[in-house]
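Results of the structural survey
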Amino acid sequence: MTPTATAPDIKTALPGPKAKAIIEKDAALVSPSYTRDYPFVIARGEGAVVEDVDGNRFLDCAAGIAVNSTGVSHPEVVKAITEQAQKFIHMSGTDFYYEPQVRLAEDLASLVPIEGPVRTFFANSGTETTEAAIKMTRYHSKRQGVIAFLGAFHGRSMGALSLTASKAIQRRGFAPLLPGVFHAPYPDTYRFNGSADESAESSLWYIKDQLFTHLISPDEVAAIVVEPIQGEGGYLVPPKAFLQGLREIADEHGIALVIDEVQSGMGRTGKMFALEHFGIKADVVNIAKGIASGMPLGVTCAKADIMSWPPGAHASTFGGNPVSCAAALATIKLLKEQLVQNAATVGAHLKDGLLALQKKHQAIGDVRGLGLMIGVELVKDRKTKERAVDARNAVVQGMFKRGILILGAGRNAVRFAPPLVLSKDQADAILHAFDDTLTEIAR
């Protein structure tokens with residue numbers, strides 16, 4: 001197996017016998033709350049190619065949910081992990097000091113789209129970065145309110161879940177959630193009856209003329225938490241005017257603007273952070289997923305004066321684990337040297353191919369995205385834009401059958417979020433499988 005292999009190679013029925021045995025054990029022993037769209041059981045991988053326990057080879061267009069930014073087990077990342085593990089694996093960074101954590105904080109302070117001095121809090125996941133941002137902005141501002149957006153996904157712990165508004169099943173049965181959280185509409189330019197800028201203004205109007213009038217005074221709002229590209233909500237790319245308008249609202253009322261870059265950050269959109277496409281700065285940036293190439297790490301970066309809480313106010317035993325920090329340092333080096341640019345170049349190639357398929361397949365209602373963060377929305381009818389939920393689910397299964405790992409986003413979109421090492425030839429193989437799958441479903 002080579003990282004540049006382009007053709008999937010399916011040798012058995014799916015799942016194969018070894019995969020089937022593992023899945024049967026999983027069903028009896030592992031939490032049923034996990035969502036598994038198809039029976040893939042990984043054995044190994046390299047680059048954007050993964051192999052299951054039965055020897056079937058797939059192209060990875062999901063990257064472990066946008067996590068494997070440098071591909072599966074990039075040799076430079078593995079080297080960094082090994083060297084650090086041979087020195088020491090753990091020494092809690094909330095009680096002691098170690099250089100990899102400080103070096104990573106230094107790197108991030110130079111990269112995040114935040115004006116002025118930056119401080120960093122280390123956690124283990126994207127969910128934990130949301131929790132940190134909520135607590136920190138409330139502590140700093142002495143305010144309790146938080147504004148988030150419909151369709152948003154910020155995590156599943158209780159505070160983060162209170163901001164999440166992606167799927168009802170994620171919230172069902174867990175009330176009462178965190179008080180003081182209010183949701184506004186996120187711009188969906190494809191479905192809005194008007195121009196892109198009008199869709200942005202409609203969302204901003206809801207905050208200013210509805211939330212601030214009827215539900216919470218702006219001087220009681222600690223933070224506005226928003227994804228610069230909405231991930232689980234369908235890979236929605238908002239107009240620049242939307243994020244710029246949020247920046248103006250935040251500045252006017254002394255509210256912290258928290259940008260959730262958990263899925264969109266670390267080179268995925270062809271820039272290190274998605275916010276760089278929109279011409280504004282954040283007060284707080286949350287990072288996870290692709291930052292450490294698969295090692296568990298979450299990071300909350302903030303203006304130094306906002307991250308002003310005292311010792312003991314917030315901490316994490318495992319956050320900023322030295323092995324994870326070493327992986328992140330190696331990841332950032334690879335991103336800066338080649339992979340951010342590759343995401344932009346191959347992403348444009350992949351998006352052009354999807355736009356060409358839109359002309360062929362009536363089921364493709366919209367193609368949107370930046371870099372290697374691309375969403376394709378499937379519809380039953382282009383005029384009515386009726387959501388093709390069943391067809392989207394069939395596409396995910398059809399792609400798996402053809403040796404492509406891909407996932408849905410939102411109610412009826414497919415997300416293209418491969419490792420940032422993806423080549424144009426591999427992108428073409430993904431496009432070919434997508435074309436074949438849509439053709440089969442249309443029949």
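No experiment lies behind these values; they were computed from the predicted model shown.

Cut-offs used in this document
- Along each chain, residues carry numbers from 1 onward, in the same order as the chain's sequence is written.
- The predicted nature of this model means local features are confined to residues of pLDDT at least 70 and side-chain atom pairs, given and counted, to a pLDDT of 80 or more, with totals for whole chains, interfaces and linings taken over all residues.
- Side-chain descriptors were evaluated using all non-hydrogen atoms of the structure, hydrogens and water having been removed beforehand.
- Orientation is described by axes fitted as lines to C-alpha atoms, over the contacting stretch for helices, and by angles from 0 to 180 degrees between their N-to-C directions.
- Secondary structure elements are defined from DSSP: runs of H or I of at least 4 residues count as helices, runs of E of at least 2 residues count as strands, and each element is numbered from the N terminus.
- Roughly parallel covers angles under 35 degrees, roughly antiparallel covers those over 145, roughly perpendicular covers 65 to 115, and oblique covers all other angles.
- The hand of a helix crossing depends on one turn: near helix anticlockwise from the far one by less than a right angle means left-handed, and clockwise means right-handed.
- In this description, contact between two residues means that some pair of their heavy atoms is separated by no more than 4.5 Å.
- Here a pair means two rings of Phe, Tyr or Trp (six-membered ring of Trp) with centres within 6.5 Å. Their orientation is stacked below 30 degrees between planes, edge-to-face above 60, and tilted elsewhere.
- Exposure classes here rest on a 1.4 Å probe applied to the protein chains alone. A residue is buried below 20% of its type maximum, exposed above 50%, and partly exposed in between.
- A helix is expected to span 1.5 Å multiplied by its residue count minus one.
- To obtain the arc, one takes the directions from the helix axis to the C-beta atoms.

The contact between helix α8 (residues 196-215) and helix α9 (residues 240-253) brings their axes to 8 Å, and the two run at 25 degrees. On the basis of the axis angle, α8 is roughly parallel to α9. You can see that α8 and α9 cross each other, and the crossing is right-handed. Every residue of α9 that contacts α8 at Asp197, Ala200, Ser203, Leu204, Ile207, Lys208 and Phe212 is listed here: Ala241, Phe242, Gly245, Leu246, Ile249 and His253.

With that settled, the discussion passes to the packing of aromatic side chains. Summed over the entire model, instances satisfying the criterion amount to 9 aromatic pairs. Relative to Tyr98, the ring of Phe88 lies with its centre 6.0 Å away and its plane at 65 degrees, an arrangement referred to as edge-to-face. Linking Phe88 in the loop between α3 (75-87) and α4 (99-111) with Tyr98 in the loop between α3 and α4, this pair joins segments that are 10 residues apart in sequence. Ring centres of Phe121 and Trp309 lie 6.1 Å apart, and the angle between their planes is 65 degrees; on these two criteria the pair is classed as edge-to-face. In this pair, Phe121 sits in strand β4 (residues 118-123) while Trp309 sits in the loop between β10 (298-303) and α10 (322-360), placing the two residues 188 residues apart along the sequence. For Trp309, a relative accessible area of 15% puts it in the buried group.

Spanning 13 residues, α3 covers 19 Å between terminal C-alpha atoms, matching the ideal 18 Å at 1.5 Å per step. Listing the buried residues of α3 in full gives Val77, Ala80 and Gln84. Looking down the long axis of α3, one finds its buried residues gathered within 65 degrees of arc, a one-sided arrangement. More than 90 degrees from the buried face of α3, the exposed residues found are Pro75 and Gln86. At its buried positions, α3 is contacted by α4 and α10.

What follows concerns the side chain of Ser316. With respect to the element layout, Ser316 can be found in the loop between β10 and α10. Among residues more than four places away in sequence, those in contact with Ser316 are Ser92, Thr94, Phe121, Phe122, Ala123, Asn124 and Glu128.

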